[in-house]
Amino acid sequence: MAERAAAGSGAAEATPPAETPSVLGRLQLGLEDLYRVRTDLAVDAFVIDHQQRQQAGLTRAPREQLLLRQSGDDLDLALFVDPATVANLERNDPSHGLHEGNFSDFCLAVEGVSHFVYVALCAAGDRRVSALELELQAEVDKFACCVLLSRRGADLRRRLYSQVQFDANLDDDERARYRTANDQANRYAAALERRFIATDRLTQMLGDLRLFYRLDLPAKLDHIGRASG
């Protein structure tokens, strides 16, 4: 992930958007509606396949990956999400319910689209964004999206944040970053459960999530600390 996002975006050899948004496009619309933001970009136009990613010469090939390339004031974006994940979600539409057949792939897709939307917004605002901030927001987005689809509270939180395994290929700094994002998102999700989900105050929860989304990393961590107290 880039430490700096700049105005402007594009993707070399990106696939043009389809007439009907893909499942990734629908996830983007859902996230933007949730947070009341607009990127004015269509994620489908930035999705690349295995071959296009190989041409980038990357040393790692995870199932979800946001590619960034900055040139002057422009930031080129491309998003890879495992085509098998996308195909499964098209067959098992998460809007019809989450279950064992689509839960993991749904979370993977939300993470990728979350990264794309957040970087695009920061780029448009010429705002710095760290890898930790991106990962933390993505972890929160997964919880929020799953709650809105299924309203599973503590069981969902345990599955997202306790029953997690980190890639063995991560270096120490990356592992620490992912663990921090996971732990902080878990704390925030627990606070959301206690303050809003348990009392069936979802409208107020959405307000808190929208406030959190607009904070920078130090303010996000402070918000979590105060909400968890």
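The following refers to the structure shown. This is a predicted model, so every value here is computed, not measured. (Residues numbered from 1 in each chain as written. Predicted model: local features only at pLDDT ≥ 70, side-chain atom pairs only at ≥ 80, totals over all residues. Heavy atoms only, no water.)

**Examining helix 8 (residues 202–213)**
Between the first and last C-alpha of helix 8 there are 16 Å, a value that for twelve residues agrees with the 16 Å anticipated at 1.5 Å per step. The set of residues buried in helix 8 consists of Leu202, Met205, Leu206, Asp208, Leu209, Arg210, Phe212 and Tyr213. For helix 8, the elements touching its buried residues are helix 1 (23–35), helix 4 (103–124), helix 5 (131–150), helix 7 (172–197) and helix 9 (217–228). (Helix = DSSP H or I, 4+ residues; strand = E, 2+ residues; numbered from the N terminus. Expected span 1.5 Å × (residues − 1). Buried < 20%, exposed > 50% of the residue type's maximum accessible area, 1.4 Å probe, protein only. Contact = heavy atoms within 4.5 Å.)

**Digging into the packing of aromatic side chains**
In this structure the tally under the stated criterion is four aromatic pairs. Here the aromatic rings of Phe46 and Phe116 are separated by 5.1 Å at their centres, their planes lie at 55°, and the arrangement is tilted. Of the two residues, Phe46 sits in the loop between helix 1 and helix 2 (50–55) while Phe116 sits in helix 4, which places them 70 residues apart along the sequence. Between the aromatic rings of Tyr118 and Tyr213, the centroid separation amounts to 5.2 Å while the plane-to-plane angle is 85°, which identifies the pairing as edge-to-face. Here the residue Tyr118 occupies a position in helix 4, and Tyr213 occupies one in helix 8, the gap between them amounting to 95 residues. Both residues of the pair, Tyr118 and Tyr213, count as buried. By the ring-pair criterion, three or more aromatic residues cluster together here, those being Tyr35, Tyr118 and Tyr213. Sitting over the face of the ring of Phe80, Arg53 holds its NZ or CZ atom 3.7 Å from the ring centroid. When the ring centre of Tyr178 is taken as origin, the NZ or CZ atom of Arg177, which lies over that ring, is 5.6 Å away. (Phe/Tyr/Trp six-rings, centres within 6.5 Å; stacked < 30°, edge-to-face > 60°. Lys NZ or Arg CZ within 6 Å of the ring centre and 35° of its normal.)

Geometric values such as these leave the question of function open.
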